[in-house]
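Structural description and commentary
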Amino acid sequence: MSPSDRTRVDVHPLSALRRGSRGRIVRVTRDLTSRAERLAAMGVSPGAVVNVLQTFPGIVFECDQTELAVERLVARSIWVELEGV
Amino acid sequence: MPCPHAIAELTPKPLLRLRAHPLRIALVGNPNVGKSVIFGRLTGRYVTVSNYPGTTVTVTRGRATVGAEVCDIVDTPGVNALEGALSEDEKVTRDLVQGGGVELVVQVADARNLRRALLLTSQLADFGLPMILVLNMIDEARARGVDVDARGLSDELGIPVIEAVAIEGRGMAELRGALTQAGRARAASRTGADHLPWADQTARRFRSVGEFTLGRFQEWLGRAVRQPSTGLPILIFVLYVTYLVVGVLGAQTLVGLMEQGLFGTYLNPWARAAASHIPLAFVRDFLVGDYGLITMGITYAIAIVLPVVTTFFLVFGFLEDSGYIPRLAIFSDRIFRAMGLNGKAVLPMVLGLGCDTMATMTTRILATPKERLIAILLLALGVPCSAQLATILGILGGISFFALITLFGVVLTQMILVGFLAARILPGERSDFIMELPPMRMPRLGNLLTKTGLRVRWYLGEAVPLFLVGTVLLFVLDRIGGLAAIANAARPVVTGLLGLPPKAAEVFVMGFLRRDYGAAGLFLMARTGALTHLQAVIALTVMTLFVPCVANFLMIVKERGLRIGIAILGFVTVLAVGTGAALNAALRIFHVAF
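Along each chain, the written sequence defines residue order, and numbers are assigned to residues from 1. Key to labels: chains lettered from A, ligands numbered from 1, both in the order written. Residues qualify for local features only when their pLDDT is at least 70, as the model is predicted, and side-chain atom pairs are given and counted only at 80 or more; totals for whole chains, interfaces and linings, by contrast, use all residues.

**Brief notes about the overall build of chain B**
Across its full length, chain B holds 26 helices and 9 strands. The C-alpha atoms of chain B give a radius of gyration of 27 Å, which matches the 25 Å a tight globule of 594 residues would have. With respect to the principal axes defined by its C-alpha atoms, chain B has extents near 80 × 55 × 45 Å. Once local pairs closer than 6 in sequence are excluded, the contacts in chain B between residues at least 24 apart make up 75%. Numbering of helices and strands runs from the N terminus; a helix is a DSSP stretch of H or I covering at least four residues, while a strand is a stretch of E covering at least two. Computation of the radius of gyration draws on C-alpha atoms, with the globule rule given as 2.2 Å multiplied by the number of residues to the power 0.38. Two residues form a contact once the distance between their C-beta atoms, set from the backbone, is within 7 Å.

Here's what the structure looks like:
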């Protein structure tokens, strides 16, 4: 993350968040696969509030009243702006 | 049944419209929102319902009478989207809605997740069909502090929006009443917006999120089963209870009661006594001989296989309805990923321990053709069905723990090796692991029993005829000397490479007619002392890896085509015999006799 980003907001990929982190999704990386569309269909899209519940063996988080489990690779494409505690 | 009078009040004169066919209504929605429950409520028909996304893999049709109208209701597999890259299930549903197959769409939604539901509503609206939106599981949503302004949402969309708790029948009368008021929905395309921002904004307008009041225990359990420190002990406990119910109660106690008690003491002696009045020796043998329809076919099907299958489906149904299996997927994701699959494959693999044929059918929940192919191959190759498992435990459990470890070690190694290679050799992609975890629930006894009953009936309907056909085939083969011929042809392989008695060749033929049936044949050989300990281990290993049963083979052909079916059959056979030969050589070199 660049320093300029840091001054503005605290944005991290979901894969780097610790258990108990809360935040709002700001971006889902689009690539050649339909990952972003799949995630959007499950409710994981910019604006949604997430709450990290577990990070190992899989990443489990709550999003829009739904518990979801994803692998690390997927979590890397979900960018979350942390809420100030 | 909710009464249809309500409709009569709503529409002063029930419109008896003349149609060429009944009004066709599709139930569409995200996975695991309760479409099948609503289908059952409307039609009075039961379809398998569970707490696992993707239980419905085929389109089911049923008829319902609503007021003066006869309707055809279509239950569809759950969909997350109807645009963009679609899975096979989603294509099925899209084609149905697009191709003029239905005149009305009832969208079933999980009230907890309005955003996701509205995203689908918006895509559905583009097909231009009259719609109704059902907000199901409204009780669970409220328990989680989520409330939806159904009236406001209805005004916004221009379609009826109904709150329901389908499993208790709440909201069903309202749904029936609303069928005549279905309209074309006003969603993103009508307002010139994209689906996602529209869904996001609309959900925010009509939904309020308050305090979280999910039951403490429910919440604790949901967390405990997915965290490694508590989840692994729970997994071991679950496996142990499964073993107690299926391996001990089913395979030992109930099988003993049925085989020695019911069949050994009563039915078979009676059948023999009755048959002794038949003057023709041929007919007598056909019914109660060594390969007799009653003494062999029915005895195996009912006394040995049925108790194991029934107890397995009971346990499996419980785990499925509780919401445990998706959490198991988190643990198994890494292992399956090495084999070109992902954690979602845990459902077909575990179901395969009950019946591989049924499991092969459920591989449809996997997202890509490559994953489905690998899962089908691994099921055919290495996953022992419940009857086989019972035989393996029955024979090898009596020899030594080391014998059991050897067999499972060899079979697992082969599965992982084949999966690992298949993941690299086969063309295509693996899909991402993205899994919804439904809340942990106490399974409803009624649903559990109905489901187990349905599965057992399915199994009997498929299995018993095949058992009987298999027995008749064996009888005929035996009479015309075919068994001897096959045994002769296979002798060099079976006795030479595998070091087994010639009779084992015959058992392998039976094994193809029905895999568990062959396993039962081995059981008999082992019990009568026709196999040494070493031979039992070799024979069971080959049998476990061996060709799937006829029913499984036919299911593979149905799912993936004849060419792939034959390719899998050939590959698995060569691998099974090759592995058996290598194991035999290795064990003999190291003088392992168990």
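**Topic: the interface of chain B and chain A**
Tallying the contact residues gives 26 residues for chain B and 26 residues for chain A. Under the scheme applied here, ten amino acids are nonpolar (Ala, Val, Leu, Ile, Met, Phe, Trp, Tyr, Cys and Pro), four are charged (Asp, Glu, Lys and Arg), and all others, including Gly, are polar. Per-class residue counts for the side of chain B that touches chain A are 12 nonpolar, 4 polar and 10 charged. Two strands qualify as a pair provided DSSP detects at least 2 bridges between them. Where strand β5 (residues 66–70) of chain A lies against strand β9 (residues 434–437) of chain B, 4 bridges are found, and the strand directions are antiparallel. Residue pairing in the sheet places Ala69(A) in a bridge with Met435(B) of β9(B).

**Re the packing of helix α17 (residues 369–382) of chain B against helix α26 (residues 562–589) of chain B**
All names here are of chain B. As a packed pair, α17 and α26 sit with axes 10 Å apart at the nearest point and diverge in direction by 40 degrees. Between α17 and α26, the angle falls in the class oblique. Every pair of crossing elements has a handedness; the one defined by α17 and α26 is right-handed. Between α17, through Leu377, Ala380 and Leu381, and α26, the contact on the second element is made entirely by Ile568, Val572 and Leu575. Fitted lines through C-alpha atoms give the axes, limited to the stretch in contact for helices. The angle between two N-to-C directions lies from 0 to 180 degrees. Should an angle fall under 35 degrees it is called roughly parallel, over 145 degrees roughly antiparallel, and 65 to 115 degrees roughly perpendicular, with every other angle called oblique. Take the far helix as your reference; a near helix turned counterclockwise from it by less than a right angle gives a left-handed crossing, and one turned clockwise gives a right-handed crossing.

**A look at the sheet that holds strand β2 (residues 60–66) of chain B**
Residue and element names in this part refer to chain B. An order of β2-β3-β1-β4-β5-β7 is seen for the 6 strands of this open sheet, with the pairing classed as mixed. Two strands in the sheet have a free side with no partner beyond their single neighbour: β2 and β7 (161–163). Strand-to-strand twist across the sheet, computed as the mean angle between neighbouring axes with direction ignored, equals 25 degrees. Two strands pair when backbone bridges link them, and strand β4 (residues 104–110) and strand β5 (residues 131–136) are joined in this way by 6 bridges, in the parallel orientation. Bridge pairing in β5 links Asp110 to Asn136. Across the face of the sheet, helix α3 (residues 88–98) comes into contact with β1 (23–29), β3 (69–75) and β4 while running at roughly 145 degrees to β1. Strands β5 and β7 of the sheet are contacted by helix α6 (residues 150–157), whose axis makes an angle of about 160 degrees with β7.

**Overview of the nonpolar core**
Core analysis: the largest hydrophobic core is formed by 193 residues, its most contacted members being Val44(A), Leu68(A), Val134(B), Leu135(B), Leu522(B), Ala539(B) and Leu540(B). For this core, the element with the highest residue contribution is helix α13 (residues 293–322) of chain B, accounting for 15 residues. Counting contributing residues per domain, this core is built from domain 1 (5–209) and domain 2 (231–429 + 447–589) of chain B, each supplying no fewer than three. Apart from the residues lying within four places of it in its own chain, the contact partners of Leu522(B) are Thr391(B), Ile395(B), Val507(B), Ala539(B), Leu540(B) and Met543(B). What makes a nonpolar core is a set of buried Ala, Val, Leu, Ile, Met, Phe, Trp, Tyr and Cys residues, with links drawn between C-beta atoms within 7 Å. Around each residue's C-beta, the other C-beta atoms within 10 Å are counted; 20 or more make the residue buried, 12 or fewer make it exposed, and counts in between make it partly exposed. All C-beta atoms are placed from the backbone. All the domain ranges listed were derived from an automatic or database domain assignment.

**Some remarks on the pairing of β1(B)**
All names here are of chain B. Taken across its 7 residues, β1 has 5 buried, putting it largely inside the fold. The pairing of β1 with β3 spans 5 bridges and is parallel. Within β3, the residue paired with Ile25 across the bridge is Ile73. Where β1 meets β4, 5 bridges bridge the pair, whose relative direction is parallel. Following the sheet pairing, Leu27 is matched in β4 by Val106.

**A look at helix α18 (residues 386–397) of chain B**
An α-helical turn contains 3.6 residues, so a residue and the one three or four places further along point in the same direction. Residue and element names in this part refer to chain B. Take the number of residues in a helix, subtract one, and multiply by 1.5 Å to get its expected span. In this model α18 runs 15 Å from its N-terminal to its C-terminal C-alpha over 12 residues, within 8% of the 16 Å that 1.5 Å per residue would give. Within α18, 10 of the 12 residues are buried, leaving the element largely enclosed by the surrounding structure. If you check which residues of α18 are buried, you get Ser386, Ala387, Gln388, Leu389, Ala390, Thr391, Ile392, Gly394, Ile395 and Leu396.

**Considerations on the sheet that holds strand β3 (residues 49–54) of chain A**
Pairing is antiparallel in the open sheet, where 7 strands are placed in the order β1(A)-β6(A)-β2(A)-β3(A)-β4(A)-β5(A)-β9(B). If you trace the sheet from one side to the other, it starts and ends with β1 (11–13) of chain A together with β9 of chain B, each paired once. Strand after strand, the sheet turns through a mean of 40 degrees between neighbouring axes, direction not considered. Pairing geometry for β3(A) and strand β4 (residues 59–63) of chain A, over 4 bridges, is antiparallel. Within β4(A), the position partnered with Gln54(A) by the bridge is Val60(A). Each of β4 and β5 of chain A together with β9 of chain B touches helix α14 (residues 324–338) of chain B; the most contacted strand, β9(B), lies at about 145 degrees to it.

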